[in-house]
Amino acid sequence: MRIFKFGGASVKDAEGVENVVKVLQEVGHENTLVVVSAMGKCTNAMEAIVNAYFDDKNNLTSALQEVIDYHTGILNQLFKNKNHPVYNNVKVLFDEVQGFLVWNKSPNYNFVYDQVVGYGELASTTIISAYLNEIGMQNNWLDVRNLVKTDNSYRDPSVNWEKTQKNVTAFVDKKILNVTQGFLGSDDNNFTTTLGREGSDYTAAILAYCLNANSVTIWKDVPGVLNADPRHFKETQLLNKISYREAIELAFYGASVIHPKTLQPLQGKEIPLHVKSFLHPKNPGTTVGKGIGIEPEVPCYIVKKDQVLMKLSSLDFSFIVEDSISELFKMFHDHKMKVDLIQNSAISFSVCVDNKFGRLNELLNTLKSRFKVVHHEDVSLYTIRHFDDKALDTILNGYEVLLEQRGKETLQVVVK
């Protein structure tokens, strides 16, 4: 069995949905499970609904209507029959969103986020599954929340592999074309959980692992895995082959083309991952699997923007050693800060973090009771794998370097 994953850019409009059909026709769709993200920038729009619910009730109705109109526009282009059942099916989904926002009593932002934002994936797959059936490509629509079970750490849950395996075995028919959502799971109370932004790749890997799939293919608007993000770097180069280990390194440092958690389950069963262009589906793209580290071996650039650099030092010039470092990491964990870089000396400790959950001020207040704290917001963290001096010069032009760290193969710099 094969797992295909199509991201939001591939289904951003009716033409994109029609192109998914062309890809499936070109490369075959037998014994295939298709994982689909929300359409276009719909996740951002769903997040705007959540933010309006908490902070701007006057714009809540218009924020939801904008999402409804977007999907209705795509439906109108795909379906000639305006009485097609898919219209009502999509309406029911957004009625559920509206209903939840009325009856919800929880003040927990992360809980509300997960109950609302996932409807982008539910709507996209409902439309795509119906369209495939309409043109004669029979398929089975699956609610991935009935498959992937997690704990209740909303927006950042851990997968319950045993329950997930049991559900996938019971509900997925390998002999037919299946369509399901990425990004989503559910907890023991059947509340929706989300696997993190770009989590649809991870969904594909989870399902591949449980189905013992032959391969996973991620279809993107780029030719494969590039050595740099073309949104931030002018010159990029296609990587033909990458080992699991190298890909995990790149994902860990923030390479956006592959979700950090995606590779672990695939490596466990040696399931190859292909990253290919949905515009040129017959081109080879990039293969991630066993073998050589990287081909060709060129510097790989990764940038994380909107980071926070904190420099901590002890108030009484005592050493910052194991016990205090342990305490610091507990603070980072408790405040849901993702640590991207650390550097320490006898009496100082520097750390670059991602303030994903907006709890920086809470953390700073806690830290200042124990340490002298200097922090810089809105900094950028650049990572270069297989670096050389020329590669470093490429990114330093015009920036102030706040911190630099070198290893044998990896260079990281924090710049302002």
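Here the structure is shown first, and the text comes after it.
A quick note: this is a predicted structure, and the numbers were derived from the prediction, not measured. (Residues numbered from 1 in each chain as written. Predicted model: local features only at pLDDT ≥ 70, side-chain atom pairs only at ≥ 80, totals over all residues. Heavy atoms only, no water.)

**A short note on the overall build of the chain**
Here's step 1: A tally of regular secondary structure across the chain gives 13 helices and 17 strands.
Here's step 2: Computed over its C-alpha atoms, the radius of gyration of the chain comes to 23 Å, within 12% of the 22 Å expected for a compact globule of 416 residues.
Here's step 3: Counting only C-alpha atoms and orienting by the principal axes, one finds that the chain spans roughly 75 × 55 × 40 Å.
Here's step 4: For the chain, with 416 residues in total, the buried portion stands at 53%.
Here's step 5: Long-range pairs, those at least 24 residues apart, make up 73% of the contacts in the chain between residues at least 6 apart in sequence.
Here's step 6: As displayed, the chain has an accessible area near 19500 Å², and 48% of this comes from carbon and sulfur atoms.
Here's step 7: Charge separation in the chain, taken as the distance between the mean sites of 44 positive and 49 negative side-chain charges, equals 3 Å. (Helix = DSSP H or I, 4+ residues; strand = E, 2+ residues; numbered from the N terminus. Rg over C-alpha atoms; globule rule 2.2 N^0.38 Å. Buried < 20%, exposed > 50% of the residue type's maximum accessible area, 1.4 Å probe, protein only. Contact = heavy atoms within 4.5 Å. Areas by Shrake-Rupley, 256 points an atom, 1.4 Å probe, with all protein chains shown as cover. Lys, Arg positive; Asp, Glu negative; His and termini not counted. Charge placed at Lys NZ, Arg CZ, Asp CG, Glu CD.)

**Section: the nonpolar core**
Here's step 1: Ranked by size, the top nonpolar core spans 99 residues in total, and within it I3, I49, F79, V116, V216 and L273 carry the most contacts.
Here's step 2: Discounting chain neighbours no more than four positions away, the residues touching I49 are L60, A63, L64, V67, L101 and V116.
Here's step 3: By size, the runner-up hydrophobic cluster in this structure holds 17 residues, among which are M337, F349, L367 and F371. (Core = buried A, V, L, I, M, F, W, Y, C linked by side-chain atoms within 4.5 Å.)

**Side note on the side chain of N178**
Here's step 1: One can find N178 in strand β4 (residues 178-181).
Here's step 2: With a relative accessible area of 0%, N178 lands in the buried category.
Here's step 3: At 3.1 Å, the side chain of N178 forms a polar contact with the backbone oxygen of I176.
Here's step 4: Apart from the residues within four sequence positions on either side, N178 is in contact with M1, T32, L33, V34, N140, L142, V172 and D173. (Polar contact = N/O pair within 3.5 Å; in protein donor to acceptor, adjacent residues only side chain to side chain.)

**So, helix α5 (residues 109-117)**
Here's step 1: Extensive coverage of α5 is indicated by the burial of eight of its nine residues.
Here's step 2: Those residues of α5 lying buried are N110, F111, V112, Y113, D114, Q115, V116 and V117.
Here's step 3: Buried positions along α5 lie against α2 (42-55), α4 (85-103), α6 (119-134) and β6 (192-194).
Here's step 4: If you check the start of α5, you find a side-chain oxygen 2.9 Å away from the backbone N of N110, and it comes from N108.

**Observations concerning a nonpolar patch on the surface**
Here's step 1: Residues F317, F319, V321 and I347 make up a contiguous nonpolar surface patch of roughly 420 Å² in combined accessible area.
Here's step 2: Turning to its location among the elements, V321 is positioned in the loop between β12 (300-314) and α11 (322-334).
Here's step 3: Judged by relative accessible area, V321 falls into the partly exposed class, the value being 34%. (Patch = residues over 30% accessible without salt bridge, like charges linked within 9 Å, V, L, I, M, F, W, Y side chains within 5 Å. Salt bridge = Lys/Arg side-chain N within 4 Å of Asp/Glu carboxyl O.)

**Observations concerning the packing of helix α1 (residues 14-27) against α6**
Here's step 1: Where α1 meets α6, the closest approach of the two axes is 11 Å, and the angle between their N-to-C directions is 55 degrees. The angle between α1 and α6 falls in the class oblique. Judged by the twist between their axes, the crossing of α1 over α6 is right-handed. Contacts from V17, E18, V21 and L24 in α1 reach I128, Y131 and L132 in α6.
Here's step 2: When grouped by side-chain class, the residues that make up the contact of α1 with α6 number six nonpolar, no polar and one charged. (Axes fitted to C-alpha atoms, helices over the stretch in contact; angles between N-to-C directions. Parallel < 35°, antiparallel > 145°, perpendicular 65-115°, else oblique. Left-handed = near helix turned anticlockwise from the far one by under 90°. Nonpolar A, V, L, I, M, F, W, Y, C, P; charged D, E, K, R; others polar.)

**What to know about the side chain of N139**
Here's step 1: Within the fold, N139 resides in the loop between α6 and β3 (140-141).
Here's step 2: Overall, the relative accessible area of 13% leaves N139 in the buried class.
Here's step 3: A polar atom in the side chain of N139 sits 3.3 Å from the backbone oxygen of M137.
Here's step 4: With residues up to four places along the chain from it excluded, the contact list for N139 reads S129, L132, N133, L177 and V179.

**Some words on the packing of α4 against α6**
Angle between the axes and distance between the axes are the two parameters that describe a pair of packed helices.
Here's step 1: Put simply, α4 and α6 touch, their axes get as near as 10 Å, and they point 175 degrees apart. In terms of their interaxial angle, α4 and α6 are classed as roughly antiparallel. For the pair α4 and α6, contact is made by V86, N89, V90, L93, F94, E96 and V97 and by Y119, L122, A123, T126, I127 and A130, respectively.
Here's step 2: Looking at the contact of α4 with α6 residue by residue, the class counts come to 10 nonpolar, two polar and one charged.

**Quick look at the pattern of salt bridges**
Here's step 1: Tallied over the entire structure, the rule returns 15 salt bridges.
Here's step 2: The partner of D156 in a salt bridge is K261, with the nearest N and O atoms 3.9 Å apart. On the criterion of sequence distance, the pair formed by D156 in the loop between β3 and α7 (161-171) and K261 in the loop between α9 (244-253) and α10 (263-268) is long-range, its members being 105 residues apart.
Here's step 3: Where D334 meets K330, a salt bridge forms, and the shortest distance between an N and an O atom there is 2.9 Å. With a gap of four residues between them, D334 and K330 both fall in helix α11, about one helical turn apart.
Here's step 4: On the accessibility criterion, D334 (37% relative accessible area) is partly exposed.
Here's step 5: For K330, a relative accessible area of 52% translates into the label exposed.
Here's step 6: Three or more residues joined by partner-sharing salt bridges are found here, namely E246, R385 and E409.

**Some details on the sheet that holds strand β11 (residues 294-295)**
Hydrogen bonds between backbone groups are what pair the strands of a sheet, and the pairing can be parallel or antiparallel.
Here's step 1: As summarised here, the arrangement of the nine strands in space is β3-β4-β2-β1-β7-β9-β10-β8-β11, forming an open sheet in which the pairing is mixed. Bordering the open sheet on either side are β3 and β11, each of which pairs with just one other strand.
Here's step 2: Bridge analysis of strand β8 (residues 241-243) against β11 gives two bridges, and the strand direction is antiparallel. Looking across to β11, one finds that K241 is bridged to E295.
Here's step 3: Sitting on the sheet, α1 touches β1 (2-6), β2 (32-36) and β7 (215-220), and the angle it makes with β1 is about 155 degrees.
Here's step 4: Helix-sheet contacts for α9 involve β8, β10 (286-289) and β11, and the interaxial angle to β8 is about 85 degrees. (Pairing = 2+ DSSP bridges.)

None of this, on its own, says anything about what the molecule does.
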